[in-house]
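The primary structure of each chain is shown beneath.
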Amino acid sequence: MTATPIDERLTYHLPQNGPEYAYLSVRARRREVILHGGWILPAWAALAGASLWLPHVALPPSFAALYAGALLLMLGGYSAARWGAVRMAATLATVGFTYALVQILVVTVQIDRAGTLLVCATLGGVVLTMFWYALDLLRLASAAGITAIPASVVGIWLTRQIGATQPMPGWALIGLWLVSALAIVALAHIAARSVRGLHTQLGEAQFHVMNAEILEDLKDAFVASTNHELRTPFMALLGYIDILQREWRDLPPALIETILIEAERVSRQLRRLLNAILKVREVQGLENFTPNVVPLAPTLRSALAEVQVTTQEQEDYQGHTNPQGREIRLAIPDDLAIWGEATYLTQILTNLLTNAIKYSPDGSPIDVSAALLVPRGHVVRAMVEIRVRDYGLGIPPDQIHALFARFVRLSRDIASADRKGTGLGLWLCQEYVRAMGGKIWVESSGIEGEGSTFYVQLPTAPSSAGVLL
Amino acid sequence: MMKGRQSVAFTTKTILVVDDDVGIQRFFQIGFSRYPDYRLIIAHNGAQGLEMAMQEMPVVVIIDMNMPELRGEQLILALRGDLDTAAIPLIILSARVTAKDHLLGKLAGCDRYLEKPVTMQEVIAAIEEVLLIRESERAARMAHLADGGKG
């Protein structure tokens, strides 16, 4: 039997390796290189150790030129990152020459064993630096590692074949070594940059492909879960109609009334679902609106009215309470207005208020406040900040980041039978806010009773409209 | 709806409905009120369903698949695994309608798989049908499924 989770409602969680995580992996890749390329250092150390006991020989000056050439060839090969055979040969040559160089240093500069180790460690460090910068040359690390041992044998053989002649002066060797070390670092930089550029392009392409795939998956999941979610209220509705149709003559009036009330309730539930589904489609092209001055206080009042209609509550919404005995504390300056679209703002406020009511216990208050943020520091434009605070369950901090994504619901709510939702409300809010050039976020300690505060910042109406500033 | 055990007439058959959806619970309360032969008890989740099945020994259990605490097929496995409850006919009533879901239900050991939406009449028909299933038939079917589940 498969382990597919089978009790997901109208929910879908974005996978953790989704496109928004694609760029995060550079750091992870770097770690991987260190992890896998790290054994290069021991390889160098082994070479260094071997050099201490092997016969010391001197090499002709032409050796230095050959060595530099091999280095350049190797780096060229790697930065091109395509010539497999060249890369292999160059690695062999470089490691061999490096070994020989160490031998020369030992003879000509008369460095002791500690000095030899130091030189080898430095060279190892340089190579590691190269891997560090050229993040994606993980294969280079493997190639160098695999070839290190045969290459050192070649190096020893070369050293013996050429034989001892006039040794280079010490300062020339050290100079040569410094120059080649610098060259390695510089070339590694260049290589890394080009590789990174390539990566960014690849990353973007991958991002779009993954995005498309995920959207397609989400769409499938949405169709499946919507179908699923519609069936339950539909069953009740069909069942009630069936009972009424067959038995209405025999049913006591009180029961008929109960059935009708129930049928209406599930119909409303169906309507809510259908509306939510429609809104998902509407979201495309949200930016196409003509901005207007939208006064905040009246919009909030109509949002409150809507919240009460949808939660089937009647009573007075002009005041500061709603029928669940909840206190909705408003602190909205009368003259505050935003520059945007009235229906969007109503939607945002309605959603936030519905959430606040849904996720906090009956009787607990809800605070709605607003203030004008004047331009200061990096804030260029005057914004209206709206805060909706409840004193309910709060949001676990580890789940906040996903809260505004489409189809995301908290695991706690998925498990709860009372808190039904589509996982679309906050996502829609975010889309509306974005379309108007604002931002939305939430702050919550995740401690029950402290609740959460949703912040919405929207551009304020321009001063020419005579409202503010 | 949930009457005490003492008031149950000798002939009434107890039906346990396990569904977390309040709308469905209310529907069954109203629906079963028209069938005095049956006594309805309701559990809101799988864990509660298991407990009530053990205590009340219903003649049929109607189980939703998507539930918190204990999912439908887990509940079925638990009921089938217990000697006391293994013989109770089980009906799945689910909004999940793919062939895979049907197979999952059958493999867990349900006797009938009903897809939402169904009417009260269809539910009653299913109950009467599963009440006729003999234990030997079920054992044979489960053995067949266990053999390879190809059936």
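Residues numbered from 1 in each chain as written. Chains lettered and ligands numbered in written order. Predicted model: local features only at pLDDT ≥ 70, side-chain atom pairs only at ≥ 80, totals over all residues. Heavy atoms only, no water.

**Structural notes on the interface of chain A and chain B**
Turning to step 1, where the next piece is worked out: Contact residues are listed per partner, giving 31 residues for chain A and 32 residues for chain B.
Turning to step 2, where the next piece is worked out: Note on chain A versus chain B: buried area summed over both sides is about 2900 Å², and carbon and sulfur give 63% of it.
Turning to step 3, where the next piece is worked out: Our count for the contact surface shared by chain A and chain B stands at 2 salt bridges.
Turning to step 4, where the next piece is worked out: Residue B:Arg34 pairs with A:Glu247 through a salt bridge whose shortest N-O separation is 2.6 Å.
Turning to step 5, where the next piece is worked out: On inspection of chain A and its partner chain B, the count reaches 5 residue pairs in polar contact (both at pLDDT 80 or more).
Turning to step 6, where the next piece is worked out: In terms of residues, the side of chain A that touches chain B owes the most to one element, helix α7 (residues 170-247) of chain A, which gives 13 residues.
Turning to step 7, where the next piece is worked out: Per-class residue counts for the side of chain A that touches chain B are 14 nonpolar, 6 polar and 11 charged. (Contact = heavy atoms within 4.5 Å. Buried area = accessible area lost by both parts, 1.4 Å probe. Salt bridge = Lys/Arg side-chain N within 4 Å of Asp/Glu carboxyl O. Polar contact = N/O pair within 3.5 Å; in protein donor to acceptor, adjacent residues only side chain to side chain. Helix = DSSP H or I, 4+ residues; strand = E, 2+ residues; numbered from the N terminus. Nonpolar A, V, L, I, M, F, W, Y, C, P; charged D, E, K, R; others polar.)

**Things to note about the environment of A:Ile338**
Turning to step 1, where the next piece is worked out: By the element assignment, A:Ile338 lies in strand β4 (residues 337-340).
Turning to step 2, where the next piece is worked out: The spacing of A:Ile338 and A:Gln457 is 119 residues in sequence and 9.5 Å in space, taken between C-alpha atoms.

**Re unusual backbone geometry**
Residues and elements named next belong to chain B.
Turning to step 1, where the next piece is worked out: Pro117 follows Lys116 through a cis peptide bond whose omega is 0°.
Turning to step 2, where the next piece is worked out: Along the chain, Pro117 falls in the loop between β5 (112-115) and α5 (120-131).
Turning to step 3, where the next piece is worked out: The phi dihedral of Met57 is positive, around 45°, even though this residue is not glycine.
Turning to step 4, where the next piece is worked out: In this fold, Met57 is placed in the loop between α2 (46-56) and β3 (60-63).
Turning to step 5, where the next piece is worked out: Residue classification places Met57 among the partly exposed positions, given a relative accessible area of 35%. (Buried < 20%, exposed > 50% of the residue type's maximum accessible area, 1.4 Å probe, protein only.)

**Looking at the pattern of salt bridges**
Turning to step 1, where the next piece is worked out: Counted by the stated rule, this structure contains 15 salt bridges over all chains.
Turning to step 2, where the next piece is worked out: Of the charged contacts in the structure, one is a salt bridge between A:Arg268 and A:Glu264, with a shortest N-O distance of 3.0 Å. Placement of the pair is A:Arg268 and A:Glu264 together in helix α8 (residues 253-282), with a separation of 4 residues, close to one helical turn.
Turning to step 3, where the next piece is worked out: Residue classification places A:Arg268 among the partly exposed positions, given a relative accessible area of 26%.
Turning to step 4, where the next piece is worked out: Among the ionic pairs, B:Asp64 bridges to B:Lys116, the shortest N-O distance being 3.7 Å. Taken together, the positions of B:Asp64 in the loop between β3 and α3 (72-81) and B:Lys116 in the loop between β5 and α5 put the pair 52 residues apart, joining distant regions of the chain. One exposure class covers both B:Asp64 and B:Lys116, and it is buried.

**Topic: the nonpolar core**
Nonpolar side chains tend toward joint burial in soluble globular proteins.
All names here are of chain A.
Turning to step 1, where the next piece is worked out: In this structure, Leu296, Leu352 and Ile386 are the most contacted members of the largest nonpolar core, which totals 44 residues.
Turning to step 2, where the next piece is worked out: Where this core is concerned, the elements lending two or more residues are α9 (296-310), α10 (342-358), β5 (366-373), β6 (383-390), α12 (425-435), β7 (439-444) and β8 (452-459).
Turning to step 3, where the next piece is worked out: Each residue touching Ile386, except ones within four places of it in the same chain, is listed here: Leu296, Leu345, Leu349, Ser369, Ala370, Phe454, Tyr455, Val456 and Leu458. (Core = buried A, V, L, I, M, F, W, Y, C linked by side-chain atoms within 4.5 Å.)

**Some remarks on α10(A)**
Turning to step 1, where the next piece is worked out: Its 17 residues give α10(A) an end-to-end C-alpha distance of 24 Å, which sits within 8% of 24 Å, the value for a rise of 1.5 Å per residue.
Turning to step 2, where the next piece is worked out: Of all the 17 residues making up α10(A), 13 are buried; the element is thus mostly covered by neighbouring parts of the structure. (Expected span 1.5 Å × (residues − 1).)

**Topic: the packing of α2(B) against α3(B)**
Helices that pack against each other are described as a pair by the angle of their axes relative to one another and the distance between those axes.
Residues and elements named next belong to chain B.
Turning to step 1, where the next piece is worked out: In contact at an axis separation of 9 Å, α2 and α3 are set at 25° when each is read in the N-to-C sense. As summarised for this structure, α2 and α3 are arranged roughly parallel, according to the angle between their axes. The two elements α2 and α3 cross, and the hand of that crossing is right-handed. Facing α2, whose interface residues are Gly46, Gly49, Leu50 and Ala53, α3 presents Leu75, Ala78 and Leu79. (Axes fitted to C-alpha atoms, helices over the stretch in contact; angles between N-to-C directions. Parallel < 35°, antiparallel > 145°, perpendicular 65-115°, else oblique. Left-handed = near helix turned anticlockwise from the far one by under 90°.)

**Thoughts on the sheet that holds strand β4 (residues 90-94) of chain B**
Residues and elements named next belong to chain B.
Turning to step 1, where the next piece is worked out: On the basis of which strands lie adjacent, the open sheet formed by 5 strands has the order β2-β1-β3-β4-β5 and parallel pairing. With partners counted over all chains shown, the strands left at the sheet margins are β2 (38-43) and β5, one partner each. The average angle at which neighbouring strand axes cross in this sheet is 20°, direction not considered. (Pairing = 2+ DSSP bridges.)

**Examining the packing of α10(A) against α12(A)**
Residues and elements named next belong to chain A.
Turning to step 1, where the next piece is worked out: Running from N to C, α10 and α12 cross one another at 150°; their axes reach a closest spacing of 9 Å. Between α10 and α12, the angle falls in the class roughly antiparallel. Read as a crossing pair, α10 and α12 show a hand that is left-handed. Residue-level contacts link Tyr344, Gln347, Ile348, Asn351, Leu352 and Asn355 of α10 to Gly425, Leu426, Leu428, Cys429, Tyr432, Val433 and Ala435 of α12.
Turning to step 2, where the next piece is worked out: For the contact of α10 with α12, the class distribution of residues is 9 nonpolar, 4 polar and no charged.

**Some details on the confidence of the model for chain B**
Residue and element names in this part refer to chain B.
Turning to step 1, where the next piece is worked out: Here chain B averages 85 in pLDDT, and 91% of its residues register 70 or above.
Turning to step 2, where the next piece is worked out: Averaged pLDDT values over the elements of chain B bottom out at 75 in helix α6 (residues 135-148) and peak at 95 in β3.
Turning to step 3, where the next piece is worked out: Low confidence marks residues 1-9, where pLDDT is under 50. Its contacts with residues over four positions away, or in another chain, come to 12 contacts.
Turning to step 4, where the next piece is worked out: For this predicted complex, the interface confidence score (ipTM) comes to 0.79, while the overall pTM stands at 0.46. (pLDDT = per-residue confidence, 0-100.)

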